[in-house]
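# Tertiary structure, described
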Amino acid sequence: MNPSEQDPRQRLAELRDRLHYHNHRYHVLDDPEITDAEYDRLFAELVELERQFPEHVRPDSPSQRVGAKPVSRFVEVPHEVPMLSLDNLFADSDLMEFDRRCREGLGGEEGIRYCAEPKLDGVAVSLRYQHGVLQRAATRGDGRVGEDVTAQLRTIAVIPLCLAGEGIPALLELRGEVYMPLAGFEAWNQAARERGEKPFANPRNAAAGSLRQLDPQVTAGRPLQFFCHGVGQWEGGNPPATHAAMLEQLQAWRLPVCALWETVVGVAGCLDYYRRMEAKRASLPYEIDGVVYKLDSLVARERLGFVARSPRWAAAHKFAPREVSTLLLGVDFQVGRTGVLTPVARLQPVSVGGVMLSKATLHNFQELLRKDVRVGDTLWVRRAGDVIPEVVGVVWERRPAAAAAIILPTHCPACGAVVVQAQGEVAARCVGGLACPAQRKEGIKHFISRRAMNIEGMGERMVTLLVEEGLVQNLADIFTLSEHRERLIGLERLGEKSVDNLLLAIELSKQRHLGQFLFALGIRDVGETIAHNLARHFGTLSQLMLADREALEGVAEVGPVVAEHLRQFFQESHNIEVLNRLRRIAGTHWWDFPSSPPMMESQPLAGKTVVLTGTLHSLTRQEAKVRLEGLGAKVSGSVSDRTFFVVVGESPGSKRQRAESLGVRLLTEADLLSLLESKLMPDGC
Ligand code: IVH
């Protein structure tokens, strides 16, 4: 039936269901089934029908996420079931004691089964669903009374406005954690610094600050996420018997549950999980500050009960802190690829979570002045996830009387050119351009890096060596290195074999497609996405170089600023010279031929969805993702019957079982490596 002939109420219900379904696939499963444009069309139809029939607008409609008016204050909400806190375990002996108490409380039972989960470093909230519809969201507050943040929580896309599936109870009150992923936190802080505003101290504060906004529109603009980790109240229907079954049930109703949970047995199982999570911590996209062990049997939990404000059946096993204090020996100013000067604190080496730190970023001049850092100070420094270590602040009580203020350089430490700070910009830059050896070296490092031209065997140290030897002055020189084979073999630490491998890698890099090459050029503000959009839009480098501002602004995500940077880059005579040399000596294909054909040939996984589970040893999850994407794959977080294959690392999660039950092909880490190397699928695919 044509939608316009349908009963509007029925069509509205259909649109709501479809939009909820696709919202879940996109935001929670990271595995969309329809394009953004198709989603937008459905959404526009819903909004238009609701405009015509306002009496049929329901609070759980996808159109009702954002738009609530600002409140003047937060209303208090009592928690019918108090939101307790967890006892902390710091040493292995604390864990043994916890397990002993559980065993004793359960009448001497051996080998207790726990459900182990990461302890998310966010803000605890309660969500109340009545007949599957989100009615109220509240902060923890003091555990007995919290604050109503319904309008704010509704703006978080992963939180379902209504649950879907079988057996939804009349009342379901959930507990979980709102958090800000590290990438969102970094991006937010970077933008705040550029606006000259005070950045958030850590992702937890960022999540809390974003939630406690009287205007929900402000919350809507923050990159918040949510994971559900328990149930406060369940009335009606059949509650599961174990926590593990409960988590599976919540997930089936479309609630986001952190996939890293596992059931483990006894102290040994708990410790093994703790160690694995600790090792994983740095590569997770969000912050965790420990793990939580919970008795898996919900009946057994009832028997154990509570002490004071924490349950006897659960405990948090904390990781060593990642914020430590150490002495500031001095501040160096590093010159980046685009000439930006970054102050870097030189520290007395200190161990943070098992990694030695001797440097930490101070971001920019403004941050350095704001933090009022002086040589001789003791500083708080921190490592968060994969992020570069940073200076958090000064330990004021420890400031010596003779602490020396830092003098900001007026001239570039690498080339002596003037340092300028453009109006409205936080960054201070060296004006030396490509005459500055530091900028040149950084530009070359970027060009050869994995995500750009991916010239294997030419790491940072090799670039430094080649630049210092005068063999590489600019990007085009990389492609003349084959003329200097003998000289290269004579260089320190380089043998015949590694030189030949390097020259081969350089030769192979000529096969990269235009998007990678454009990203590799390191044009200001042209990241991977924009580079690929430009490649797709213009097809050839010649076409792109001819484009005027208007044509450039017609490309997805290119605004006036990026368009201007592109124009400037392609007008600068030195750049034209290097590009012309590249064309002559490298003879690369992307100048006049659209790059899609070679791109497709090098993309054996184009259009395929693949999933990673478990720990990989020879590369990080992010690396695996990027490299699989380089072969055209879409890397998804969940397994479905359309998944092409699942890469199974050590200690895989439930995704492995799901893949097995759906008959999806499993690949080992070794299979993955050979696939990445040869671009050929292992037998049987
Ligand atoms: S269970 C009875 N599981 O840690 C307590 N809490 O001190 C039930 N938290 O404010 C809490 N990750 O919000 C639980 N996987 C997890 C958690 C978690 C973080 C927070 C929680 C609470 C605090 C407990």
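### Considerations on the site of the ligand
Around the ligand, the structure places 14 residues, and the nearest of them are Leu86, Glu117, Leu120, Glu177 and Lys294. The separation between a nitrogen atom of the ligand and a polar main-chain atom of Pro118 is 3.1 Å. Here an oxygen atom of the ligand and a side-chain polar atom of Lys119 are 3.4 Å apart. Across the complex, the protein chains shield 86% of the 520 Å² of accessible surface that the ligand would expose by itself. Elements with a minimum of two residues in the shell around the ligand: β3 (113-120) and β10 (288-295). Take the shell around the ligand: its biggest share by element is 4 residues, from β3.

### Some words on the sheet that holds strand β2 (residues 87-89)
In any sheet, the strands associate via hydrogen bonds between backbone groups, in a parallel or an antiparallel arrangement. Read across the open sheet, the 5 strands follow the order β2-β13-β10-β3-β9; overall the sheet is mixed. The strands lining the two open edges of the sheet, one partner per strand, are β2 and β9 (262-265). Neighbour-to-neighbour, the strand axes of this sheet turn through a mean angle of 35°, independent of strand direction. Bridge count for β2 against strand β13 (residues 314-318) is 3 bridges, and the pairing is parallel. Note on β13: the bridge partner recorded for Leu89 is His317. Relative to β9, helix α9 (residues 266-280) is tilted by about 135°, and along the sheet it contacts β3, β9, β10 and β13.

### Some details on the pairing of β10
Burial runs high along β10: 8 of the 8 residues are buried. With 7 bridges joining them, β3 and β10 adopt antiparallel strand pairing. Looking across to β10, one finds that Ala116 is bridged to Tyr293.

### Re the pattern of salt bridges
A complete count under the given rule lists 43 salt bridges for this structure. Residue Arg370 pairs with Glu367 through a salt bridge whose shortest N-O separation is 3.0 Å. On the criterion of helical spacing, the pair formed by Arg370 and Glu367 is a turn pair, its members being 3 residues apart in helix α11 (residues 365-371). Of the residues examined, Arg370 reaches a relative accessible area of 41% and is grouped as partly exposed. Classification of Glu367 by relative accessible area gives buried; the value is 3%. We note a salt bridge from Arg549 to Glu564, for which the minimum N-O separation is 2.9 Å.

### Observations regarding the nonpolar core
Within the largest apolar cluster, 56 residues are counted, with the highest numbers of intra-cluster contacts made by Met458, Ile478, Phe517 and Leu534. Once residues within four sequence positions are removed from consideration, Met458 is found in contact with Ile448, Val463, Leu466, Ile478, Leu481 and Leu502. Membership of the second largest hydrophobic core comes to 36 residues, among which are Cys115, Val149, Val178 and Phe185.

### A few points about helix α8 (residues 243-252)
At 3.6 residues per turn, the α-helix brings residues three or four places apart onto the same side. Among all positions in α8, only His243, Ala244, Met246, Leu247 and Leu250 are buried. In an axial view of α8, the angular spread of the buried residues amounts to 160°, which keeps them on one side of the axis. Summarising the contacts, the buried residues of α8 are in contact with β3, β7 (171-179), β8 (225-235), β9, β10 and α10 (298-304). Backbone geometry just downstream of α8 places Arg254 in the positive-phi region, at approximately 85°.

### Overview of the packing of helix α12 (residues 437-448) against helix α13 (residues 460-468)
α13 packs onto α12 with a crossing angle of 135° between their chain directions and a minimal axis gap of 10 Å. The orientation of α12 relative to α13 falls into the category oblique. Viewed along their axes, α12 and α13 form a crossing whose handedness is right-handed. For the pair α12 and α13, the contacting residues are Lys441, Ile444, Lys445 and Ile448 in the first and Glu460, Val463, Thr464, Val467 and Glu468 in the second. Here the residues of the contact of α12 with α13 sort into 4 nonpolar, 1 polar and 4 charged.

### Some remarks on the packing of aromatic side chains
Taken as a whole and assessed by the stated rule, the structure comprises 12 aromatic pairs. An angle of 75° between the planes, with centres 5.6 Å apart, marks the rings of Phe227 and Tyr286 as edge-to-face. Taken together, the residues span a long stretch of sequence, with Phe227 in strand β8 and Tyr286 in the loop between α9 and β10 at a distance of 59 residues. Tyr286 shares its class with Phe227; the two are buried. On the basis of an interplanar angle of 40° and a centroid distance of 5.6 Å, the ring pair of Trp234 and Trp253 is categorised as tilted. Of this pair, Trp234 sits in strand β8 while Trp253 sits in the loop between α8 and β9, and the two are 19 residues apart along the sequence. Ring pairs connect the aromatic residues Tyr179, Phe227 and Tyr286, which therefore count as one cluster. Across the ring face of Trp188, the terminal group of Arg195 is positioned such that the distance to the ring centre comes to 5.4 Å. Positioned above the aromatic ring of Phe644 is the side chain of Lys608, whose terminal nitrogen or guanidinium carbon lies 4.9 Å from the ring centre.

### A short note on helix α1 (residues 8-27)
In a regular helix each residue adds 1.5 Å, so 20 residues correspond to 28 Å; α1 covers 28 Å between its end C-alpha atoms and thus fits that length. Buried within α1 are the following residues: Arg11, Leu12, Leu15, Arg16, Leu19, His20, His22, Asn23, His24 and Arg25. Structurally, α1 contributes buried residues whose contacts are with α2 (36-52).

### Comments concerning the environment of Arg337
Position of Arg337 among the secondary structure elements: in the loop between β14 (323-335) and β15 (341-352). Taking the C-alpha atoms as reference, Arg337 lies 9.1 Å from Arg524; in sequence the two are 187 residues apart. Apart from residues lying up to four places away in sequence, Arg337 is in contact with Gln439, Glu442, Gly443, His446, Gly522 and Ile523. Reaching out from Arg337, the side chain makes a polar contact with the backbone oxygen of Gly522 at a distance of 3.0 Å.

### Here we look at the packing of helix α21 (residues 560-571) against helix α22 (residues 573-586)
Orientation of α21 relative to α22, taken along the N-to-C sense of each, is 70°, at an axis distance of 5 Å. The angle between α21 and α22 places the two elements in the roughly perpendicular class. Of α22, the residues touching α21 (which contributes Phe569, Phe570 and Gln571) are Ser573, Asn575, Ile576 and Leu579.

### Focus: the confidence of the model for the protein
Mean pLDDT for the protein: 88, with 95% of residues reaching 70 or above. At the level of individual helices and strands, the protein shows its lowest average pLDDT in helix α23 (residues 596-601), which scores 40, and its highest in β7, which scores 98.

Basis of the calculations
- Residues numbered from 1 in each chain as written.
- Predicted model: local features only at pLDDT ≥ 70, side-chain atom pairs only at ≥ 80, totals over all residues.
- Heavy atoms only, no water.
- Near = heavy atom within 4 Å.
- Polar contact = N/O pair within 3.5 Å; in protein donor to acceptor, adjacent residues only side chain to side chain.
- Areas by Shrake-Rupley, 256 points an atom, 1.4 Å probe, with all protein chains shown as cover.
- Helix = DSSP H or I, 4+ residues; strand = E, 2+ residues; numbered from the N terminus.
- Pairing = 2+ DSSP bridges.
- Axes fitted to C-alpha atoms, helices over the stretch in contact; angles between N-to-C directions.
- Contact = heavy atoms within 4.5 Å.
- Buried < 20%, exposed > 50% of the residue type's maximum accessible area, 1.4 Å probe, protein only.
- Salt bridge = Lys/Arg side-chain N within 4 Å of Asp/Glu carboxyl O.
- Core = buried A, V, L, I, M, F, W, Y, C linked by side-chain atoms within 4.5 Å.
- Arc of directions from axis to C-beta.
- Parallel < 35°, antiparallel > 145°, perpendicular 65-115°, else oblique.
- Left-handed = near helix turned anticlockwise from the far one by under 90°.
- Nonpolar A, V, L, I, M, F, W, Y, C, P; charged D, E, K, R; others polar.
- Phe/Tyr/Trp six-rings, centres within 6.5 Å; stacked < 30°, edge-to-face > 60°.
- Lys NZ or Arg CZ within 6 Å of the ring centre and 35° of its normal.
- Expected span 1.5 Å × (residues − 1).
- pLDDT = per-residue confidence, 0-100.

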